[in-house]
Structures are given as structure tokens and as C-alpha cells.
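Residue-level structure breakdown
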Amino acid sequence: MTQFPQLDGFHGAPGLVRLIGHRGARGVMPENTIEGFEFTVRSGVVALEFDVVLTRDHIPVVTHNHHLLNAATRGTDGKWLQGEELKVSALPLSQLQSYDVGGLDGRTVYGQRFPDQVFMSNVRVPTLGDLLDMALKPQGAEMLFLLEMKSDPETAHIPEMTERLVSEVVKAVRVRGLEQRTVLHSFDWNLLEICGRIAPDMPRSFLTIMPKNADDPGEDSSKSVAPDFASMDVPVSQAVVEAGGHMWCPHYLDVTPEVVSQAHELGLLVTTWTVNEVDDLHRMVDAGVDGIVTDYPGRAQRVLLERGLVWNEGPDQMVAE
Ligand code: MG
């Protein structure tokens, strides 16, 4: 039905709801790290959502914010960084990878959001290439990428800067032949337009959040480069279709059964983020979404199993009665 084979891996069906590991499995493993991605894939959750920005030397790296979060970043002295947070685009890769991102500072609000996250050392910000390489190994053969590109609000008015991010990302995907396992994903609809131009062979996923649903501590989604979703004169899903989207990624508090069925009628896949509480997981399943992005893949697996649902096709999902 779809023209992009990777979309099959994000498509729900009766009895099947897709799970996508958010930044790997942030609830239990350091976010956006190879360690976290390996854990998630070994858990049987093979679709990963993660975030990419460029270093000063224009290398795409996997990290969420434009600035390193002090609460998750330790220096070579083993202490969490203090003071003004470092901007990733101001650091060469070698300096960026001198920091350890394996453990949260539990004294911070952000650290307290994830009390079950393991504490690891000698964990580095991976390059996009490091993560993509996992998919070329036997244990990564089923991996799918929901690859979010983060536009820098300070430079989003310069088209060349956004184009450079897209072209570096697309190059990293193409050089490994992973075009058919990648979905390009962003809040920045201008960036997604560029994706459509330079990578029409990869489908596009449009992230949205209504302004009433404020960010949690440590997130910078409210500062994302994005359209004014609240003032669109058509339903957001309709706007996604008109912009050439294949997948719509609404914030979970914006999801109702009605908006999901409307999006499905328009031919969109609906993948919602970031769904962490059991009640919310149930509500998203009830709403009929295709996929759920979660910091807790294990918790989501248990919710699906309890309801007799699976997240992947195939015999490994069989559960004995
Ligand atoms: Mg993301």
C-alpha cells in the first residue's frame, strides 16, 4: 500500500501497535547513546526515535538539545558541568566526545524525572554514523530510524544552515544504503520541505505539539523551529498531508480517537510521543494510533501484552497461553 517499505514497520494493524524507543529507552538507559540503543533493540523494540544536530566541524551527532544538558554531562574530572550550557554547534567532535553522558545528576529537576535510569561511565555522544552502523550488523538487521533533525532557532533563518544539516544527515544515511529504513522527522516544516527536495526517496514525519501542552523540565521543544500549529486554518493532519507528509507525530495530549481516524482517512500514519504512563499508554492504544514513542519500551510492551497485542510481526512475539 505504501510506496516506502520502511513505513510498513511503523504501520499499526488489528492486534499490532508499533513501539518506538524514545532516545533509545530514556527511562532506564542514558538517552541518545549507543548503550541505550543497543538495549532497546535487544528488547525487541527495533524502531528508534532520536535527535541529530551538527558539531562545529559539521558532523551529525545524536543528542537532543542544541546545548548539552549540564544535568546529564560530566567533564573529564567526573563532575557534572556547571554554568552556561555548552552549545553543540560550537564544539568540534573531539571536544564533544570528551564529555561523559552516561549518568544523570539526581539533584537536578531533570535527573529527578528519570529516577530509574542506570548510571554509567565512559559513555559518549555518538555520531549519527555510529548509530546507523548498528543497522548494518546482524543484531541490527530489523532496525528502523525515526530520525529527528533539530533546526537551530538562532540560524533557522539562514537556509544554507538548514540545508547543510539535511544534506549531512542524508549523506550519512545514503552512504550506508539505509534509505529504506529511515523516516525523516522534524518540528521544522521548512526543513522537511528541504528533505522532500533532496531526499524524495525517504518519507517524512511531521512533529506537532499544541502550545497548551508545555514542555517538561530539560526539554527545549517549545523553542523548536516550528509553524504556529494553533493558528492553522485546516486540521493539523490535513496540513501535514498538504505539506507532503507521510506520518504525523502529534504530542500525546493532543491525540483523540477522532483526530487519529481523521488522519487515517487522509492516508497518514499516526505515531504519538512521548507516552510514558500506563494510563496514557492505554489511552493511546484506545485512540487507535499506529505507533507509540516511549521512554519506557518495557512498560509499553507489558501494556500491550496485557491486552493481547504485539508490537512486531513474527513468531518471536508469540506468547504462551
Ligand atoms: Mg526527538
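Below you will find a few notes about this structure. These numbers were taken from a predicted model, which means no experiment stands behind them. (Residues numbered from 1 in each chain as written. Predicted model: local features only at pLDDT ≥ 70, side-chain atom pairs only at ≥ 80, totals over all residues. Heavy atoms only, no water.)

**A short note on the pattern of salt bridges**
This structure, assessed with the given rule, holds 17 salt bridges. With a closest N to O distance of 3.2 Å, R18 and E313 form a salt bridge. Of the two residues, R18 is situated in strand β1 (residues 18–22) and E313 in the segment after α11 (297–306); the sequence distance between them amounts to 295 residues. R18 sits in the buried class, given a relative accessible area of 5%. Among the residues examined, E313 registers a relative accessible area of 58% and is labelled exposed. (Salt bridge = Lys/Arg side-chain N within 4 Å of Asp/Glu carboxyl O. Helix = DSSP H or I, 4+ residues; strand = E, 2+ residues; numbered from the N terminus. Buried < 20%, exposed > 50% of the residue type's maximum accessible area, 1.4 Å probe, protein only.)

**A word on helix α6 (residues 159–175)**
For α6, with 17 residues, the first-to-last C-alpha span of 24 Å sits near the 24 Å given by 1.5 Å per residue. Regarding α6, the residues found buried are T162, L165, V166, E168, V169, V170, A172 and V173. The elements touched by buried residues of α6 are β2 (47–54), β3 (60–62), α5 (128–134), β4 (144–149), β5 (182–186) and α7 (189–198). Downstream of α6 by a residue or two, G177 has a phi angle that is positive, lying close to 65°. (Expected span 1.5 Å × (residues − 1). Contact = heavy atoms within 4.5 Å.)

**Examining the coordination of the magnesium ion**
Around the magnesium ion, the protein contributes the donor atoms E49 (OE), D51 (OD) and E148 (OE), which lie 2.0 to 2.3 Å from the metal centre. Mapped onto the sequence, the donors of the magnesium ion take the spacing E-x1-D-x96-E. For E49, a relative accessible area of 4% corresponds to the buried category. (Donors = N, O, S within 2.8 Å, 3.2 Å for Na, K, Ca; no water.)

**Focus: the environment of S167**
Within the fold, S167 resides in helix α6. Counting along the chain gives 140 residues from S167 to G27, while the straight-line C-alpha distance between them is 31 Å.

**As for the nonpolar core**
Ranked by size, the top nonpolar core spans 45 residues in total, and within it F10, L146, M247 and I292 carry the most contacts. Of the residues forming this core, the biggest block, 4 residues, is contributed by helix α10 (residues 278–287). For I292, the residues in contact, after removing those within four places along its chain, are V17, R18, L19, I20, T271, T272, V275, L281, M284 and V285. (Core = buried A, V, L, I, M, F, W, Y, C linked by side-chain atoms within 4.5 Å.)

**Here we look at the side chain of D105**
Among the structural elements, D105 can be located in the loop between α3 (93–96) and α4 (109–113). Here the side chain of D105 touches R107 through a polar contact of 2.9 Å, side chain to side chain. If we ignore the near neighbours within four places in the chain, the residues touching D105 are A71, W80 and G111. (Polar contact = N/O pair within 3.5 Å; in protein donor to acceptor, adjacent residues only side chain to side chain.)

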